[in-house]
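Breakdown of the fold
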Amino acid sequence: MRIKELRELNNIQQKELASILEISPNALSQYENNKREPSIDTVSKIADFFNVSVDFLYGTSDITTCKKCGLTYCPLIPQDRIVHAQLHSSWEAATKKYGTLYSNTVENERLKAENRSIVCDPSQSLEDRYNAQKIIFKCLFSRSLDASNYSERHVDFNTYIAMLLNQESTKKHLPPELYNKFVEDYGTQPGIPNGETYFYPYNDNSPVTIAAHFDGDEYTEEELDEIRQFAEFVKNKRK
Ligand SMILES: [Zn+2]
């Protein structure tokens, strides 16, 4: 087990950790030296305290997924720990600013699949389908924020929805009654090219810079026009 490694990496004394885990220092010492096996309850306490998976704790896996921000990293690699710590604090600031985020990829995919079946089920009420679609938008929003490393320049959730509603692909995939209700509530706004779900924040308002952030994909004149319109919109908003 990696108790000692984790404890030393986090600069915690044996006595201190034992008191946090509500066990005797002697018991902890025996766990660390593999002389005794901790109970399942203690194992999960240790994993929670160090924010690592049980698999990582047992050494069956060298990576762990942060239970809070959902980022996967190796706690044994100093550089990985630093990168995670930085992203984690950006993620924390983002959840304060934008509300609940579905940052864990597995959870995100599960939520999307679950809610998609509600959206597509005509026997459900329009309200339930609307709320299910809103969760799907939040899942996409979470991925978009993740792709921008939780940048503070990312648009807020309402603006993000308006940007997706502006796309032909969203209109095509949503049942008309739902699409219309969303447009009524959020409006439409250019900013994310058709078929894309990531919003890329940028440093200046020039359309060239914005286009450059879309990873060198080729865009139709129409899509580039959307990007330019959005640049105009942002410029006016900042005045
Ligand atoms: Zn984290």
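These remarks concern the structure in this document. Just so we're clear, the structure is a prediction, and the values are computed from it rather than from any experiment.

About the thresholds
- Residues numbered from 1 in each chain as written.
- Predicted model: local features only at pLDDT ≥ 70, side-chain atom pairs only at ≥ 80, totals over all residues.
- Heavy atoms only, no water.
- Helix = DSSP H or I, 4+ residues; strand = E, 2+ residues; numbered from the N terminus.
- Buried < 20%, exposed > 50% of the residue type's maximum accessible area, 1.4 Å probe, protein only.
- Polar contact = N/O pair within 3.5 Å; in protein donor to acceptor, adjacent residues only side chain to side chain.
- Contact = heavy atoms within 4.5 Å.
- Donors = N, O, S within 2.8 Å, 3.2 Å for Na, K, Ca; no water.
- Tetrahedral: all angles 85-135°; square planar, octahedral: opposite > 155°, others 65-115°.

Relative to the helices and strands, serine 169 resides in helix H10 (residues 168-173). Look at serine 169 and you get buried, because its relative accessible area is 17%. Within the structure, the side chain of serine 169 is placed 3.2 Å from the side chain of glutamine 167, a separation counted as a polar contact. Beyond its immediate stretch of four places on either side in the chain, serine 169 contacts Asn194 and Gly195.

The subject of this paragraph is the coordination of the zinc ion. Around the zinc ion, the protein contributes the donor atoms Cys66 (SG), Cys69 (SG), His84 (NE2) and His88 (ND1), which lie 1.9 to 2.3 Å from the metal centre. Each of the four donor atoms around the zinc ion contributes to a set of angles spanning 104 to 115°, which defines the coordination as tetrahedral. Taken in chain order, the donor set of the zinc ion reads C-x2-C-x14-H-x3-H. Taken together, the residues histidine 84 and histidine 88, both in helix H6 (residues 78-98) and four residues apart, mark about one turn of the helix. Residue classification places histidine 84 among the buried positions, given a relative accessible area of 8%.

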